[in-house]
Amino acid sequence: MITAKQLSEAYISGANNIENNRQKVDALNVFPVPDGDTGTNMSLTIQTAVNELKKSEPATVGEAAKITAGALLRGARGNSGVILSLLFRGLSKSVKGLTDMDGAQLAAAMAEGVTTAYGAVMKPAEGTVLTVSRLAAARAVEAAQENPSAEYVLEQAIAAGYETLAQTIDMNPVLKKAGVVDAGGKGYLIILDGMLRALRGEALPQVEEDGEKDQDKADFGALSLEDITFTYDTVFIVRKRDGVDTGPYRAYLDSIGDSLVIGEDDEAFKVHVHTDTPGDALNEAQKYGTLELAKIENMRTQAADLAAGKKAQSTDDLDAVEAELERGEAAVAAPEKRYGFLAVCAGEGLEAVFRDLTVDRIVSGGQTMNPSTEAILQEVNLSLIHI
């Protein structure tokens, strides 16, 4: 049987395990967009639960799961983080009211997590964390009939998950093109691995110092910016008004973007969407409640950085950027130019041509993929800063 203390320790162990391996998972991240942040997002997401668990002492597995699910929803980062929060929210719903949990109840909870995640994803794709979690949970249900031990059930679920993970490269054309398995599925199994170690009574993995490690990497150069349909990865939380129905809002977001995932509880809902008009998404959200937190990142810029062998910047780098700006306040500004040039073009070849012609900024776009006014204005503003 799994007690509240064991479940809390399992979550902590899973969080430490993904933190130790987040760079390996980041290096696989090409779907739904090649922005190299899946491992980081999953790690930051589950760490919010660890912080809450360390501040409390839940007396039952139901309480431990509820604390975890609530923290994950509010701390979810990116597409992978929101889906991870949904997998654990479903688990929480399944174990509500339970003092402890056996293998059969764990299997049922994993299956409920999958149902919750699939229900929140607008257009589920095969060869992703959804596929891995679904087949892992299906094996868990079978294993529970063979042996009621929670450790055996989770061990079998993980084994089935890794078998499925190996097949994801052939399930998804983007993964096949980049030569990697799904990053989200890999991250989920790493978390389950850490949880299993805790249930077995093994020492909890400690967070290791960052360092370069041998790891499989996606061929980011094989992917094109044209594979990115929408520019901005947009994530935000809305504190719901009483009795509000988010169905119409879900349909609206689906009309202006893709990769839509909405997770919610009784008090709030969290949105993840890829769109060219994040401002519209945020403005419409205010009809359903009060905005609390938001994160917007340019996926085209991130993908271009990764293809060039650079680190993809994110909102996590804001503190460092601000510090650098503060340190450089006394630096001599570059000479101003009277005019700046901005080009709109599609493909790395044309971008290279325009860079050779010394244009100041480039916006990705072209026939059938016209950039938004917001995207052009953003580059114009950056030109004003840097010219």
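**Looking at a nonpolar patch on the surface**
In step 1: A cluster of nonpolar side chains, namely Leu342, Val344, Leu377 and Val380, defines an oily patch on the protein surface of about 280 Å² accessible area.
In step 2: For the nonpolar patch, the secondary-structure elements that each account for two or more residues are strand E5 (342–345) and helix H16 (373–386).
In step 3: Positionally, Leu342 belongs in strand E5.
In step 4: Leu342 gets classed as partly exposed once you look at its relative accessible area, which sits at 30%.

**Comments concerning the sheet that holds strand E2 (residues 257–264)**
In step 1: Ordered by their spatial adjacency, four strands build an open sheet running E2-E3-E1-E4, and the pairing between neighbours is antiparallel. Edge positions in the sheet fall to E2 and strand E4 (289–298), since each has one partner strand and no second. Taking the axes of each pair of neighbouring strands and ignoring which way they run, one obtains an average angle of 15 degrees across the sheet.
In step 2: Pairing between E2 and strand E3 (residues 268–275): six bridges, direction antiparallel. Counterpart to Ile262 in the pairing with E3 is Val271.

**Some words on the confidence of the model for the chain**
Atom-level detail of predicted coordinates should not be read off regions where pLDDT is low.
In step 1: For the chain, per-residue confidence averages 83 on the pLDDT scale, and residues scoring 70 or more make up 80% of the total.
In step 2: Taken as a whole, residues 210–215 scores under 50 in pLDDT and shows 10 contacts with residues more than four places along the chain or in a different chain.
In step 3: In this model, residues 219–223 is a region of pLDDT below 50 whose contacts with residues beyond four sequence positions or in other chains number 15 contacts.

**Notes on the packing of helix H7 (residues 129–146) against helix H10 (residues 183–199)**
In step 1: Remark: H7 packs on H10, axes separated minimally by 7 Å, with the N-to-C direction vectors making an angle of 40 degrees. With respect to H10, the axis of H7 lies oblique. Where H7 abuts H10, its residues Val129, Val132 and Ser133 lie against Gly184, Gly185, Tyr188 and Leu189.
In step 2: Of the residues that constitute the contact of H7 with H10, the class distribution is four nonpolar, three polar and no charged.

**Examining the packing of aromatic side chains**
In step 1: For the coordinates displayed, the defined rule picks out four aromatic pairs.
In step 2: Considering the side-chain rings of Tyr249 and Tyr252, the 6.4 Å spacing of their centres and the 15 degrees angle between planes classify their relative orientation as stacked. With Tyr249 and Tyr252 both in helix H11 (residues 247–256) and three residues apart, the pair spans about one turn of that helix.
In step 3: The partly exposed category is assigned to Tyr252, whose relative accessible area is 25%.

**So, helix H12 (residues 278–285)**
In step 1: Buried within H12 we find Pro278, Ala281, Leu282, Glu284 and Ala285. Taken down its axis, H12 places every buried residue within 165 degrees of arc, on the same side.

**Looking at the pattern of salt bridges**
In step 1: Enumeration according to the criterion identifies 19 salt bridges in this entry.
In step 2: A salt bridge links Arg197 to Glu202; the shortest N-O distance between them is 3.6 Å.
In step 3: Residue classification places Arg197 among the partly exposed residues on the basis of a relative accessible area of 31%.
In step 4: Residue Glu202 is classed as partly exposed on the basis of its relative accessible area of 36%.
In step 5: With its nearest N and O atoms 2.9 Å apart, the salt bridge here joins Glu264 to Lys240. Taken together, the positions of Glu264 in strand E2 and Lys240 in strand E1 (residues 232–240) put the pair 24 residues apart, joining distant regions of the chain.
In step 6: Since its relative accessible area comes to 18%, Lys240 is described here as buried.
In step 7: Ionic contacts of the salt-bridge type, sharing partners, join the residues Arg74, Arg239, Asp265, Glu267 and Glu292 into one network.

**Re the pairing of strand E6 (residues 361–364)**
In step 1: Sheet topology note: the E5/E6 ladder contains four bridges and is parallel. Bridge pairing in E6 links Ala343 to Ile362.
In step 2: As a crossover connection, the stretch from E5 through helix H15 (residues 348–356) into E6 is right-handed.

**Focus: the pairing of E3**
In step 1: Of all eight residues making up E3, eight are buried, and the element is well covered by its neighbours.
In step 2: Of the two faces of E3, the one lined by Ala268, Lys270, His272 and His274 and the one lined by Phe269, Val271, Val273 and Thr275 are each fully buried.

**Here we look at the side chain of Ser8**
In step 1: Secondary-structure assignment places Ser8 in helix H1 (residues 4–20).
In step 2: Residue Ser8 is classed as buried on the basis of its relative accessible area, which comes to 10%.
In step 3: Filtering out sequence-adjacent residues up to four positions away, Ser8 remains in contact with Leu53, Pro58 and Ala64.

The rules we used
Residues numbered from 1 in each chain as written. Predicted model: local features only at pLDDT ≥ 70, side-chain atom pairs only at ≥ 80, totals over all residues. Heavy atoms only, no water. Patch = residues over 30% accessible without salt bridge, like charges linked within 9 Å, V, L, I, M, F, W, Y side chains within 5 Å. Areas by Shrake-Rupley, 256 points an atom, 1.4 Å probe, with all protein chains shown as cover. Salt bridge = Lys/Arg side-chain N within 4 Å of Asp/Glu carboxyl O. Helix = DSSP H or I, 4+ residues; strand = E, 2+ residues; numbered from the N terminus. Buried < 20%, exposed > 50% of the residue type's maximum accessible area, 1.4 Å probe, protein only. Pairing = 2+ DSSP bridges. Axes fitted to C-alpha atoms, helices over the stretch in contact; angles between N-to-C directions. pLDDT = per-residue confidence, 0-100. Contact = heavy atoms within 4.5 Å. Parallel < 35°, antiparallel > 145°, perpendicular 65-115°, else oblique. Nonpolar A, V, L, I, M, F, W, Y, C, P; charged D, E, K, R; others polar. Phe/Tyr/Trp six-rings, centres within 6.5 Å; stacked < 30°, edge-to-face > 60°. Arc of directions from axis to C-beta. Right-handed = clockwise from strand over helix to strand, strands pointing away.

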